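# Coordinate analysis (summary)
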Amino acid sequence: MSLAPRWTFVAIILAQIFWMSVLSTRVHEKSRCATKSACNEGGQGDFLQACVSNSEPFVFEVENEEDSEAFYFLNSVCPHLTKSRSPEICCDTTQLLQLKDQMATVRMLFRRCPSCLQNFESLWCNLLCHPDQSTFSNVTATVPYSSELKASSKWSDADGKWSEDSPPEYSESVDAVTIYLSRDYAHNLYRSCAHVKFIGASQEVISKMCFENPVDKCSPELFLNYIGTKKNKRSPSEFTFEIVEDNQRAKYAEKGIHPLDLDLFQCNARGYNNSEPCSCMDCPQSCKGPPRGPNPGAPLDSSNPPWRLLGIPGYVVVVAVLYITVSCIYIVVSYMHCLYYKKPDDEDQYVAAPNYNYHQQHSQYISKSTVQNCSSKNSMNSDGGGDGTNQTQGSGGGVVVVEVGVFEQIGRRFQSALHSFFFQWGLTMACQPVAALLFGSMVVAVCSNGLHYVRWTTDPVELWSSSGSEAYREMEHFNSHFGPFFRIEQIIVKLKRNATGAIRYEPDAYSERYRPKDMDPIMDAPILHQVLSLQENISNLTVYSTRHERNVTLSDICHKPMAPANDKCAIMSVTEWFQNSHETIDEKSYRTRRKRVINADHYKHIRACIESPTRLDDGTPLRTSCLASWGGIMEPLIVLGGFKDSIRHLLDDPKHKEEFEKATALVVTILVKNSLNSREREIAEDFEQSYLDLVRQFALDHPHLHVAYQAQRSIEDEIERASEGDVKTVICSYLIMFGYITCCLGKVGGCGMRTLVDMKITVGIGGVVIVMSSVACSIGVFGFIGVPATLIIMEVVPFLVLAVGVDNIFILVQCYQRYRPKDRNESLEVQIATVFSKVAPSMLLSSCAEALAFFLGAMTPMPAVRTFSLYAGMAVTFDFLFQITCFVGLLTLDAKRQKDARVDIACCVPVDNCEKSPRGQVGTVYSLFKNYYSPILFSDLVRPIVIVVFVGWFLACCCMMPHIPIGLDQSLSLPSDSYMRDYFTAISEDLNVGSPVYFVVKEPFPYEDPQQQKLVCGLAGCSADSIVQQISRAAKDKERTKIAKMPNSWLDDFLDWSDPESKCCRFDTTSDSGGRKFCNASVQSENCESCPIDGGKVQGEQFMDLLPYFLSDIPSIDCPKAGKAAYANGVSIKSVWTPPPLITSSTLVNGSQGSWSTKNLAYSADNLQYSSSSPPYSKTEEQSNKGEYKKRVVSSYFMTYHTALRTSADFTEALVESRALADRISESMGVEVYPYSVFYVFYEQYLSIVRDTVINMSVSLLSIFLVTFFLLGLDIVSALFVGVTILMIIVSMCGLMYLWDISLNAISLVNLVMAVGISVEFSAHTVRTFAVNPNPSRLQRAKDSLLEMGSSVLSGITLTKLGGILVLGFSNSELFRVFYFRMYLGIVIFGAAHGLAFLPVVLSYIGPLTKERKLRRTNRKCRGCTCSTGTQRSKGAQGQRNPRPGITDPHLPTPQQEDTHSLVYTKSLPEQSKQTTVVTSNAETSNSELSATILTTVSKNEQRLGKNSSFCEATSISKDKSQPIPDCIEPTVFSSNVIGQKSANENRSACNTETDAPIGDKNNEKDLFESGAMFSKASAPLKNSTSKSNHPRTANLDSSREETCA
């Protein structure tokens, strides 16, 4: 380096030192100033610079009003300088008043924390006025004093020249000054203000005072230099703060500089005048412990986590171990029993006794082995000798009759009445089929007329929220006081990317070069221009509303928070940071005139607005404001999205605001006014339709952009479109089921043409029409009543009724097809009536159980479930009524057609030369059950496996039930091609803030009382449990509470706004109108004076007088706390009756008036109005007139935001946490506070859905149990089997829901309720058939029940539904595929599995006993004894009334038969002395004795019985009760008074030693057992000569008892 440059550099340094010495303060010593007074207008606006004066301080004298005001201000901010009335200071009145004006805005920002505000004001006060000012100040730049200001200076004369006493230094003013502060002073000042919140922007105030740096990078140096720079437009001079470290003090002291080091207030300490410390939300040191109140989201005892083994819940492991252990033991024991205790092959085969009467339910089965062993065992015992009266156990015999219990008598009478009623009913319908069809048609016509009055609802609120629910009531209260929440139109714009993540967009050269490294291309100017163009097109969109014949624009319907001052719509968008100006987006600043280096552009402006969205100046050379064109604040949390999961948790922290620069999505939100008025809503909906078309076209025109969008009407539109799109799928499903029904009901005859006759297409179509008619009648009836209908009804109810109706149809038709009349002369009507009487009780059982279960299910508070239950219950009721009327008539007409060999459908076309199909044939399904399925299922190897598998599955499902997801993904209800799917995905992935949440103070509260204000506000001195403080604490734990930020508090801002020292609350008292006129902050008038606030804090009536002005004041730079934008709709003010002052008993005695106490100021609903019936005190007529109407705040809210909620669990948890927080606030305030967000009304159902499901299922099961119990003749065991089977099916459905990812919600709950109803069909028929079967063997009864009912259930429900369900799997709607296809398939499969496999096997093990078996189980020691009874008629049937002349129900016992019920004990006697002993009991019998008569009969067929048959003579005996009945005696039911009765069968013997078959035709035995008959074909039934009618229709009705169908 040459010498010249070196000397040049040295010269420059020396010059700088010289000028610094010239411009700096010369003397630094105590009691010496560096500046005095105000000299020059060189600063910002009207603020004057201080004069340079390195002289002694002057004495401040109070000479006028301005001096007094200045002194008062000095004393309030720097009391240590005003120890005397005439202090020595370095500032004058002008400076103090100017400082007071400058502090006005600062006071609004820092007033929340008095310690911070006092420290901040003290700093500036000391800088200007401290008498030792020169020791910590150094003037570094001056400006010549302007001649224009000399004349106005107090130191100049009238000619503008300096007066004689003017200091010589006043020739120039201070343009720059360096202030020296100690390190402790600077850091303590910063710490006291670092956390003070700006409520309106939900951020720290200091975030506006650190240039472009985020809060985490802010420091005391940056903070001090910002408040001292001219760039903030509030400082007249450039103040540079230099922090002196402790180890540098000596160095500065040599120059006479001693840094300012005064005591400051900590934020948690009291300030001047004992002011309150800062609140917890503004000062972390003031917080005492964690947030108060319980943690609803945490477990009750977090120290004891759930017990787990190998990562599996402990209870699951325990259940699994117990199940495996018990199952192994059960299987081993079962197979060992089969191997070592196997009975002979024929031991469990039973034959029917000759006197069997099925409908009397008195079984007279005798075991073949018993018959075989009877003679041998009696022969063995005959050696004992005797006449049989004194034989020991195992010898002798007799019949002992014991009276039956009350339940058995009632049950038998009820069953008899049912059979009698349904026989007569069926006979009536069969005899008058046309009348039955016409009657049904008339009912359908009348009820269907109600379809014109049905109100179909698609409103989600009506569908999912009950009008009596808490969330619905809260929504109604919110809407009535603050108006309904806005209609939201939202657009989310992202750049499309390929599989590798590369964008499908070519940035321009400028963007490639100058875009910040971490900023996404979505922030490029071309993209911003495209988004802004879209916004402009929406704003300029004009739509013609055909419904209201008018043009509609966005301006007509949008929300305008600043109107009328600013008439622009509230649009939340990044482009609002540029005031929606294309020119502002393109604006750039260059460092040099050659424009080579960019100094500022839109990227830097975005960065500045992200850091502080409230800036009026972004701090760049562009000087662009960040406020929206409509005057609002654009929070980056709302207008930016698309953040990576790795940084989402940082966005809520103010210290990491730079992470917003990594956003990949722009969010545009348009707020549209919502209304309870239908006309205004319809106008908005018309505009929204055109808006959607416009955005859809924009997305097509910009293929490089991924545009997700929605309007308020979008969800309803798409759900409606989805329903319309699935109509074809549903119709196809029903057509398949209808086709199956019509094809499978018929039979194939012996020739080709016979098939046309035996088809049941007409019957199948009729059955389907009945199902549809029942649904139509149900909808029509509730249309008359006014119950709204939903789409769920049309999707679910027909499916349900079809399942119930088809099952009954198949059972009835197949039972008729299997019925074989014994007399060819038996009329067709009687055949139909006979079959109907056997089937109808089972139909009644299932229908009543289902209908009652559905009607009781309507008690649930969920509207969708309640509506479905009502409609389903009514539809099932109508279906049953139509089946027992119209379908019986239709079946009769079809049977006549088939008998006359006429073609189905074309009933007038006969078929000649074709043999008739034989009656009693069984179908293919029946044959498969009989020959294959039943033998396999009931084998000794399979039965234990069935039990183990089903019990294991049941236990597994029980373990899975607690883990079923709860909620409903909204996208499931939309078509697969819906644009709303993209929108839901976008809000889940891209948005980082959720819906607004409002904490509403529901009741009137005395906000005007300063003491009560502390329970609400968040300022210094407010309660730690105030509503603002508690919400703010919750926001600090946002992961649990789902509260994203601190609340907006209208009360806090109102108190700041009404501060007398602010420029907000002012009135012009010189108004021409004679009253006072409010002055907005923008009004500059000397007539505007600050509001005279008594005591410095607004309260009492003045509070209510000023509040409306606050709510209508528009925010500005001078008054940022004005409330119109944020709180115009947040405070509900109404005139309420205010009672006169309360007069206590003491004041009444003294005769003086009382006054309002603090307690009375809490205006609850109770003391807002006084009831004349119970006045609070005795008042005179004069006092009663002192009450008046006054304006009161009857309700208000405090708004914040939820965090981004992405799943149903998140939404539900947010609701739970918000309500828990509101409950704690209500407890602390003493009034009701509730949270409200727009989604609460939809998600409240999930808070109680588990409880509602359990209650609904329990009520349904209980109702089914009771109906089954009564309709099965008070058979509690059978009712339990039905209930347990249905319970297992429902639990299995719950396991399926967990495994197949089906969440629990209103739709799935509807399906579960439907599953209960359909499960009745799978179980009730089988159990009833088993219960009424008199066979003593459980295994045989289970086989018979499975054959008779299983085939009909399989063909009637299972196969019918499977075809239709499979079609649903191809639906375009995912909702159908998940909640209908999956759940319907599960219902059918689990129902069939339990009804056709598990239930029959369980019945074969532990099914309910017949009455004979119940008694016989107590005396099982003698297996050689046999049962032999005969059913005797006592008096005949001549006394029985015939409901229909000439026709008698052959299945009913006569009244005489019902009078006597006895139990017959039979004992086998030696063949040489066979006898029967009957012991009868009646009212005349002594308690200690039983009279017995030994009846000895002589067989008329002695030769058939063998030559060894003999008889005993009749004798009478008397037996004491204490003598036990021999153990060998085995019971059977005997009904009738056998004393003195004779019948055609009285000579038959109970045991036959020559044959194993019942007495009769042995050739028919095998056929009867294979066909399920329960008695011998040739056995003669008991008859009485007077009990048989001569009517041709009843010529041989007794033989019809051989067929069993139910």
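Residues numbered from 1 in each chain as written. Predicted model: local features only at pLDDT ≥ 70, side-chain atom pairs only at ≥ 80, totals over all residues. Heavy atoms only, no water.

## What to know about the overall build of the chain
For clarity, the cut-off: Elements are defined by DSSP. Helices are runs of H or I of four residues or more, strands are runs of E of two residues or more, and each kind is numbered from the N terminus. Partly exposed residues are those whose accessible area sits between 20% and 50% of the maximum for their type, while under 20% is buried and over 50% is exposed, using a 1.4 Å probe and protein chains only. It only takes one pair of heavy atoms within 4.5 Å for two residues to be counted as in contact. All accessibility values rest on the Shrake-Rupley procedure with a 1.4 Å probe; residue burial counts only the protein chains present in the view.
A tally of regular secondary structure across the chain gives 51 helices and 35 strands. Per-residue burial for the chain yields a buried fraction of 57% across its 1606 residues. In the chain, the share of contacts with a sequence separation of at least 24, taken over all contacts with a separation of at least 6, comes to 77%. Carbon and sulfur atoms form 55% of the exposed surface of the chain, whose accessible area is close to 68,700 Å².

## Brief notes about unusual backbone geometry
With an omega dihedral of 5°, the bond running from alanine 563 to proline 564 counts as a cis peptide bond. With respect to the helices and strands, the residue proline 564 is situated in the loop between α17 (554-557) and β18 (571-572). You will see that asparagine 580, though not glycine, has its phi angle at about 55°, which is positive. One non-glycine residue, arginine 623, lies in the positive phi region at around 55°.

## Observations regarding the environment of serine 976
Positionally, serine 976 belongs in the loop between α31 (942-960) and α32 (979-989). By relative accessible area, serine 976 is classed as partly exposed at 42%. What serine 976 contacts, discounting residues up to four positions off in sequence, is Arg981 and Asn1372.

## So, the nonpolar core
Selection rule: To form a nonpolar core, buried Ala, Val, Leu, Ile, Met, Phe, Trp, Tyr and Cys residues must be joined to one another through side-chain atoms within 4.5 Å.
With 213 residues, the main nonpolar core has Phe868, Phe999, Ile1027, Trp1050, Trp1057 and Leu1107 as its most contacted residues. The greatest single-element share of this core, amounting to 20 residues, is contributed by helix α47 (residues 1374-1406). In this structure, Leu495, Met572, Tyr979 and Tyr983 belong to the second largest nonpolar core, which totals 87 residues.

## Concerning the sheet that holds strand β25 (residues 1066-1068)
In plain terms, the rule: Note on pairing: two strands pair once DSSP finds at least 2 bridges between them. A fitted line through C-alpha atoms represents every axis, and for helices the fit uses only the stretch in contact; the resulting angles, taken between N-to-C directions, go from 0 to 180 degrees.
Read from one edge of the open sheet, 3 strands run β26-β25-β27, paired in antiparallel fashion. The strands lining the two open edges of the sheet, one partner per strand, are β26 (1077-1079) and β27 (1088-1090). Neighbour-to-neighbour, the strand axes of the sheet open up by a mean angle of 40°, direction not taken into account.

## Let's talk about the pattern of salt bridges
Here is the rule: Salt bridges are defined as contacts in which a side-chain nitrogen from Lys or Arg sits within 4 Å of a carboxyl oxygen from Asp or Glu.
Counting across every chain of the model gives 44 salt bridges. Salt bridges sharing common partners tie together Arg107, Arg111, Glu121, Asp1053, Asp1056, Asp1059 and Lys1121.

## Overview of the state of the cysteines
Rule in force here: Any cysteine sulfur atom paired with another within 2.5 Å is treated as part of a disulfide.
Within this structure, the stated rule accounts for 12 disulfides. Disulfide pairing places cysteine 78 opposite cysteine 125 at an S-S distance of 2.1 Å. Within this pair, whereas cysteine 78 is found in the loop between α2 (65-77) and β4 (88-89), its partner cysteine 125 is found in helix α4 (residues 114-129), the two being separated by 47 residues in sequence. One exposure class covers both cysteine 78 and cysteine 125, and it is buried. Paired by a disulfide, cysteine 1065 and cysteine 1091 hold their sulfur atoms 1.8 Å apart. Judged by the sign of its S-S torsion, about -95°, the bond between cysteine 1065 and cysteine 1091 is left-handed.

## Digging into helix α36 (residues 1050-1057)
Burial of α36 is extensive: 8 of the 8 residues sit out of reach of the surface. Every buried residue of α36 is accounted for by Trp1050, Leu1051, Asp1052, Asp1053, Phe1054, Leu1055, Asp1056 and Trp1057.

## Notes on the pairing of strand β30 (residues 1233-1236)
The alternating pattern of β30 places Val1233 and Pro1235 on one face and Tyr1234 and Tyr1236 on the opposite face, and all of these are buried. In this sheet, β30 lies alongside strand β24 (residues 993-1001) in antiparallel orientation, the contact comprising 4 bridges. The partner of tyrosine 998 across the bridge, within β30, is tyrosine 1236.

## Concerning the side chain of glutamate 718
Structurally, glutamate 718 can be placed in helix α23 (residues 714-725). Residue contacts for glutamate 718: discarding those within four places in its chain leaves Leu974, Pro975, Ser978, Tyr979 and Met980.

## Observations regarding the packing of aromatic side chains
Here the distance between the centres and the angle between the planes together describe a pair of aromatic rings. What counts here: Whether two aromatic rings pair depends on their centres lying within 6.5 Å, for rings of Phe, Tyr and Trp, where Trp uses its six-membered ring; planes under 30 degrees apart make the pair stacked, over 60 edge-to-face, and the rest tilted.
Applying the stated criterion across every chain yields a total of 52 aromatic pairs. Plain terms: the ring middles of phenylalanine 1211 and phenylalanine 1239 are 4.9 Å apart, the flat faces sit at 75° to each other, and that makes the pair edge-to-face. Taken as a pair, phenylalanine 1211 in helix α41 (residues 1208-1229) and phenylalanine 1239 in the loop between β30 and α42 (1240-1243) lie far apart in primary sequence, 28 residues in all. For the residue pair phenylalanine 1211 and phenylalanine 1239, the accessibility class agrees, reading buried in each case. Ring centres of phenylalanine 1211 and tyrosine 1243 lie 4.7 Å apart, and the angle between their planes is 15°; on these two criteria the pair is classed as stacked. Of this pair, phenylalanine 1211 sits in helix α41 while tyrosine 1243 is found in helix α42, placing the two residues 32 residues apart along the sequence.

## A closer look at the environment of alanine 38
By the secondary structure assignment, alanine 38 is in strand β1 (residues 35-40). Each C-alpha atom of the pair alanine 38 and aspartate 92 lies 7.9 Å from the other, and the pair is 54 residues apart in sequence. The residues touching alanine 38, leaving out its near neighbours within four places in the chain, are Leu48, Gln49, Ala50, Cys51, Asp92, Thr94 and Gln95.

## Regarding the side chain of lysine 1038
The condition is simple: Pairing of N or O atoms within 3.5 Å defines a polar contact, subject to two protein rules: one partner must be a possible hydrogen donor and the other a possible acceptor, and residues neighboring in sequence count only if both atoms are side-chain atoms.
Topologically, lysine 1038 is positioned in helix α35 (residues 1038-1041). For lysine 1038, a relative accessible area of 17% puts it in the buried group. For lysine 1038, the side chain forms a polar contact with the main-chain oxygen of alanine 1035, separated by 3.0 Å.

## Thoughts on the packing of helix α28 (residues 828-857) against helix α43 (residues 1249-1271)
Where we set the bar: Throughout, the term roughly parallel applies to angles under 35 degrees, roughly antiparallel to angles over 145, roughly perpendicular to angles from 65 to 115, and oblique to all others. Should the near helix be turned counterclockwise from the far one by less than a right angle, the crossing is left-handed, whereas a clockwise turn marks it as right-handed. Residues are sorted three ways: Asp, Glu, Lys and Arg are charged, Ala, Val, Leu, Ile, Met, Phe, Trp, Tyr, Cys and Pro are nonpolar, and all the rest, Gly among them, are polar.
As a packed pair, α28 and α43 sit with axes 8 Å apart at the nearest point and diverge in direction by 150°. For the element pair α28 / α43, the angle class is roughly antiparallel. Helix-helix and strand crossings are classified by hand; for α28 and α43 the assignment is right-handed. Every residue of α43 that contacts α28 at Leu844, Leu845, Cys848, Ala849, Leu852, Ala853, Leu856 and Gly857 is listed here: Asn1256, Val1259, Ser1260, Ser1263, Ile1264, Val1267, Thr1268 and Leu1271. Looking at the contact of α28 with α43 residue by residue, the classes come out as 11 nonpolar, 5 polar and no charged.

## A word on the packing of helix α12 (residues 433-448) against helix α29 (residues 863-899)
Put simply, α12 and α29 touch, their axes get as near as 8 Å, and they point 145° apart. Where α12 crosses over α29, the two elements pack in a sense that is left-handed. Taking contact as the criterion, the partners of Pro433, Ala436, Leu437, Gly440, Val443, Val444 and Cys447 in α12 are, on α29, Phe878, Phe882, Thr885, Cys886, Gly889, Leu890, Thr892 and Leu893. Considered class by class, the residues forming the contact of α12 with α29 number 11 nonpolar, 4 polar and no charged.

## Notes on a nonpolar patch on the surface
How we decide: Each patch groups residues whose relative accessible area exceeds 30% and which form no salt bridge, using 9 Å between like charges and 5 Å between nonpolar side chains of Val, Leu, Ile, Met, Phe, Trp and Tyr.
Together, Val434, Leu438 and Leu893 line one region of the surface with nonpolar side chains, adding up to about 250 Å² of accessible area. With respect to the helices and strands, the residue leucine 438 is situated in helix α12. The class for leucine 438 is exposed, based on a relative accessible area of 52%.

## Some remarks on α23
For clarity, the cut-off: To estimate the expected span of a helix, subtract one from its residue number and multiply by 1.5 Å.
With 12 residues, α23 should cover 16 Å at 1.5 Å per step; its first-to-last C-alpha distance of 16 Å lies within 8% of that length. Considering only its buried residues, α23 is in contact with α22 (678-701), β23 (705-710), α24 (727-744), α27 (791-818) and α32.

## Focus on the environment of glutamine 898
Here glutamine 898 shows up in helix α29. The class for glutamine 898 is buried, based on a relative accessible area of 16%. The sequence separation of glutamine 898 and valine 757 amounts to 141 residues, and the corresponding C-alpha distance is 5.8 Å.

## Observations concerning the confidence of the model for the chain
Counted only if it meets this: Known as pLDDT, the predictor's confidence for each residue is given on a scale from 0 to 100.
Per-residue confidence for the chain gives a mean pLDDT of 74, with 71% of residues at or over 70. For residues 291-303, every residue scores under 50 in pLDDT, and the model assigns this stretch 15 contacts once sequence neighbours within four places are set aside. In the model, residues 343-403 has pLDDT below 50 throughout and makes 170 contacts with residues more than four positions away in sequence or in other chains.

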